[in-house]
Protein chains: 2
Amino acid sequence: MNTAGLSINLATVRQQWDLVEAVEACARHGIAAVDPWRDQVAAVGIDTAVRAIKDNGMRVSGYCRGGMFPAADTAGRQAAIDDNKRAIDEAAALGAECLVLVVGGLPPGSRDIGAARQMVAEGLATLLPYARASKVPLAIEPLHPMYAGDRACVNTLAQALDLAEQLDDDVGVAIDTYHVWWDPALEAQIARAGRANRILGYHICDWLIPTKDLLLDRGMMGDGVIDFLRIRGWIEKAGYKGLTEVEIFSAADWWTRPGDEVLRTVIERYNDTL
Amino acid sequence: MNTAGLSINLATVRQQWDLVEAVEACARHGIAAVDPWRDQVAAVGIDTAVRAIKDNGMRVSGYCRGGMFPAADTAGRQAAIDDNKRAIDEAAALGAECLVLVVGGLPPGSRDIGAARQMVAEGLATLLPYARASKVPLAIEPLHPMYAGDRACVNTLAQALDLAEQLDDDVGVAIDTYHVWWDPALEAQIARAGRANRILGYHICDWLIPTKDLLLDRGMMGDGVIDFLRIRGWIEKAGYKGLTEVEIFSAADWWTRPGDEVLRTVIERYNDTL
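Below you will find a few notes about this structure.

Conventions adopted
Residues numbered from 1 in each chain as written. Chains lettered and ligands numbered in written order. Predicted model: local features only at pLDDT ≥ 70, side-chain atom pairs only at ≥ 80, totals over all residues. Heavy atoms only, no water. Helix = DSSP H or I, 4+ residues; strand = E, 2+ residues; numbered from the N terminus. Buried < 20%, exposed > 50% of the residue type's maximum accessible area, 1.4 Å probe, protein only. Lys, Arg positive; Asp, Glu negative; His and termini not counted. Salt bridge = Lys/Arg side-chain N within 4 Å of Asp/Glu carboxyl O. Polar contact = N/O pair within 3.5 Å; in protein donor to acceptor, adjacent residues only side chain to side chain. Contact = heavy atoms within 4.5 Å. Core = buried A, V, L, I, M, F, W, Y, C linked by side-chain atoms within 4.5 Å. Pairing = 2+ DSSP bridges. Right-handed = clockwise from strand over helix to strand, strands pointing away. Axes fitted to C-alpha atoms, helices over the stretch in contact; angles between N-to-C directions. 1 Å grid on protein atoms, 1.4 Å probe; cavity = no way out; pocket = protein on both sides within 12 Å on 5 of 7 lines; lining within 4 Å. Points joined across faces, edges and corners; volume = space filled by probe spheres on them. Nonpolar A, V, L, I, M, F, W, Y, C, P; charged D, E, K, R; others polar. Buried area = accessible area lost by both parts, 1.4 Å probe. Expected span 1.5 Å × (residues − 1). Least-squares fit on C-alpha atoms with pLDDT ≥ 70 in both.

The next subject is the side chain of Asp183 of chain A. Position of Asp183 of chain A relative to the elements: it lies in the loop between helix H7 (177-180) and helix H8 (186-195). Although Asp183 of chain A is buried, it makes no salt bridge; Arg117 of chain B carries the closest opposite charge, 6.6 Å away. A distance of 2.8 Å separates a polar atom in the side chain of Asp183 of chain A from the backbone nitrogen of Ala185 of chain A. Once residues within four sequence positions are removed from consideration, Asp183 of chain A is found in contact with Thr156 and Leu157 of chain A together with Arg117 of chain B.

Have a look at this one:
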């Protein structure tokens, strides 16, 4: 089984292992890259996390996550910027290849998604010089429209690319099949992202039918309806040569299984998507 | 309280009343239009349904629903066309102002959403002459992307309008706030729909946070995050002068309350969206 090019987003095994255990397990399975979440890093401490990653020779395909820019008032928006700067510091310490941004939804009490989108654009513009100085590329991740209210008001790849273009040449996107597979414009927008060298991450995860929970019922590749071979073709045609990151939130299924079984299955199914 | 311009999609009270009871209840509350579902019509019989509607002087803002075009084989796709023709006959008998189309998702076992979309286009083209002869306008309803796999592979208003344009001048769209509120292109696409006189229905329903079920946890206007005043402004600016239809699937909340309470609340909240 081929593990070249594979990265494990550590949310996939968050219930089974802490960061150190997860990194060691990945190494044991021949997987050479991970994407940790901030709470996982915080739980063991940044120094321990950095050491585990270096000791195991891991690449860090991304760091999850920054973003969450909209807030009800100026102080809230400033707090978000400050928190994003800490995320950038951590990403730099970990050697992460990008900071993945889940941009945030509506501030509490707001119904103005246009205003939230404006806050995202302003937050990104404010954050960008710090990210650039830290040499941590920012990857805007468009999230499925079902998260528009509470997690991310950037909901299509076209919208993420519009935002990136409006900011600067060095802002990119993370493309997760789970969030974008339904989009009639997907092929064209992947090509557009490739032309501008903006694809900083490619994440895979399947869409289950039925989906029983909006957040925590994501599928292992092959168990749902996403055509991974087709989308991979578009990604490769767009010139992306980076890692493929498997990120599965699955409270009732994969999070309940032994971590080694999850990693074995990820490797098998990853091979089917190549 | 103003009930002018209000229509009740009878799914909103499907657990409380049969079609005849629901129509009579609407009349009692001063509501002069409904949109029944096919199973509700079948449960009382088409003749009884027609009589209840005529006796109560109801307009029928739409009929739910046709569509479901994709199927695994030719026979299945033909069966869908035949079933749509029956839906058109019923819509004509009821005097419905349009047949609402939920176009269908992936055929069983398929991961090819492009092929499903092609089947939808072909099914619509096949059905159109029959609809036209029956004087029943077809209203393509883009459904939220979370239904792309199992209910409707037409997921944005732009996509629905592209499809309508490719078919003919007399194909329209039904715009439901629940499905489209998140779309960054919504304002522009509503304007486009208006320019081409394609808005055949305007449905309202709120997006709850959290949403606990993908299908049956829709919200009463005002209980969620949709900015109805803003979207109504776009709809009116686009020249739409038709009815506003309230359609709420709510297994754990509104479907458990007395029907009269639901209708009273609908009327109050409808007034807040004007």
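Here the narrative resumes.
This part covers the pattern of salt bridges. Close approach of charged atoms allows side chains with opposite charge to pair. All names here are of chain A. Summed over all chains, the structure comprises 32 salt bridges over all chains. Linking Asp168 and Arg132 is a salt bridge whose minimum nitrogen-to-oxygen distance equals 2.9 Å. Here the residue Asp168 occupies a position in the loop between helix H6 (157-167) and strand S7 (171-176), and Arg132 occupies one in helix H5 (residues 113-133), the gap between them amounting to 36 residues. Residue classification places Asp168 among the partly exposed positions, given a relative accessible area of 30%.

By size, the foremost hydrophobic cluster in this structure holds 190 residues, and its most contacted members are Ile140 and Trp181 of chain A together with Ile140 and Trp181 of chain B. Every residue in contact with Ile140 of chain A, bar those within four places of it in the chain, is listed here: Leu101, Val103, Leu124, Val154, Ala160, Leu163, Ala164, Val171, Gly172, Val173 and Ala174 of chain A. By size, the runner-up hydrophobic cluster in this structure holds nine residues, among which are Trp37, Val100, Ala174 and Phe249 of chain B.

For a regular strand, side-chain orientation follows a simple rule: the groups alternate between the two sheet faces. Residue and element names in this part refer to chain B. Of all five residues in strand S4 (residues 63-67), four are buried; the element is thus mostly enclosed. Note that S4 and strand S5 (residues 99-102) share four bridges and pair parallel. Among the inter-strand pairings, Tyr63 is bridged to a residue of S5, identified as Leu99. Each parallel crossover has a hand, and the one from S4 via helix H4 (residues 74-94) to S5 is right-handed.

Residues and elements named next belong to chain A. One open sheet accounts for nine strands, arranged S3-S2-S1-S9-S8-S7-S6-S5-S4; its pairing is parallel. Each having just a single partner strand, strand S3 (59-60) and strand S4 (63-67) make up the two edges of the open sheet. Pairing of strand S1 (residues 6-9) with strand S9 (residues 244-246) involves three bridges; the strand directions are parallel. What sits directly across from Ser7, in S9, is Glu245. Sitting on the sheet, helix H4 (residues 74-94) is in contact with S3, S4, strand S5 (99-102) and strand S6 (138-140), with an inclination near 160 degrees to S4. In the packing of H5 onto the sheet, the strands contacted are S5, S6 and S7, and the crossing angle to S6 comes to about 150 degrees.

Taken as a whole, the largest pocket encloses approximately 460 Å³ of empty space. Lining of the largest pocket is provided by 23 residues; of these, Pro184 and Ala185 of chain A together with Thr156, Gln159 and Asp162 of chain B occupy positions nearest its centre. Within the residue set of the lining of the largest pocket, elements represented by two or more residues are H6 of chain A together with helix H5 (113-133) and helix H6 (157-167) of chain B. Per-element tally for the lining of the largest pocket: the top contributor is H6 of chain B, with five residues. Each pocket or cavity is described by its volume, and for the second largest pocket that value is around 310 Å³. Residue lining of the second largest pocket: 19 residues in total, with Ile113, Gly114 and Arg117 of chain A together with Asp183 and Trp234 of chain B positioned closest to the centre. Looking at the lining of the second largest pocket, the elements with two or more residues in it are H5 of chain A together with helix H8 (186-195) and helix H9 (228-237) of chain B. Looking at the lining of the second largest pocket, its residues break down into ten nonpolar, two polar and seven charged.

A separate point is the interface of chain B and chain A. With 30 residues of chain B in contact, the opposing surface of chain A contributes 29 residues. Together chain B and chain A conceal approximately 2,300 Å² of surface at their shared face, both sides included; 65% is due to carbon and sulfur atoms. Looking only at chain B, the three residues that lose the most surface to chain A are Arg111, Trp182 and Leu214 of chain B, adding up to 27% of its buried area. Summed over the shared surface of chain B and chain A, the result is two salt bridges. Between Asp112 of chain B and Arg230 of chain A there is a salt bridge whose closest N-O contact spans 3.2 Å. Taken together, chain B and chain A are joined by eight residue pairs in polar contact (both at pLDDT 80 or more). In the side of chain B that touches chain A, the residues fall into 13 nonpolar, nine polar and eight charged.

Turning next to H4 of chain B. Residue and element names in this part refer to chain B. Compared with an ideal rise of 1.5 Å per residue, which puts 21 residues at 30 Å, H4 spans 30 Å between its outermost C-alpha atoms and is within 8% of the ideal. Within H4, burial applies to Ala80, Ile81, Asn84, Ala87, Ile88, Glu90, Ala91 and Leu94. Where H4 terminates, the next one or two residues include Gly95, which has phi positive at roughly 70 degrees.

The next point concerns the relation of the copies chain B and chain A. By a simple turn and slide, chain B fits onto chain A: the slide is 0.0 Å along the axis, the RMSD is 0.0 Å, and the turn is 180 degrees. On this basis, the relationship between the two copies can be described by a two-fold rotation axis. When the interface residues of chain B are mapped onto chain A, 97% of them again fall at the interface, so both copies present the same face.

Below, the discussion takes up the sheet that holds S5 of chain B. Residues and elements named next belong to chain B. Spatial ordering of the open sheet is given by S3-S2-S1-S9-S8-S7-S6-S5-S4, a layout of nine strands whose pairing is parallel. Looking at strand neighbours, the two that pair on one side only are strand S3 (59-60) and S4, the edges of this open sheet. Relative to strand S8 (residues 199-204), H9 is tilted by about 170 degrees, and along the sheet it contacts strand S7 (171-176), S8 and strand S9 (244-246).

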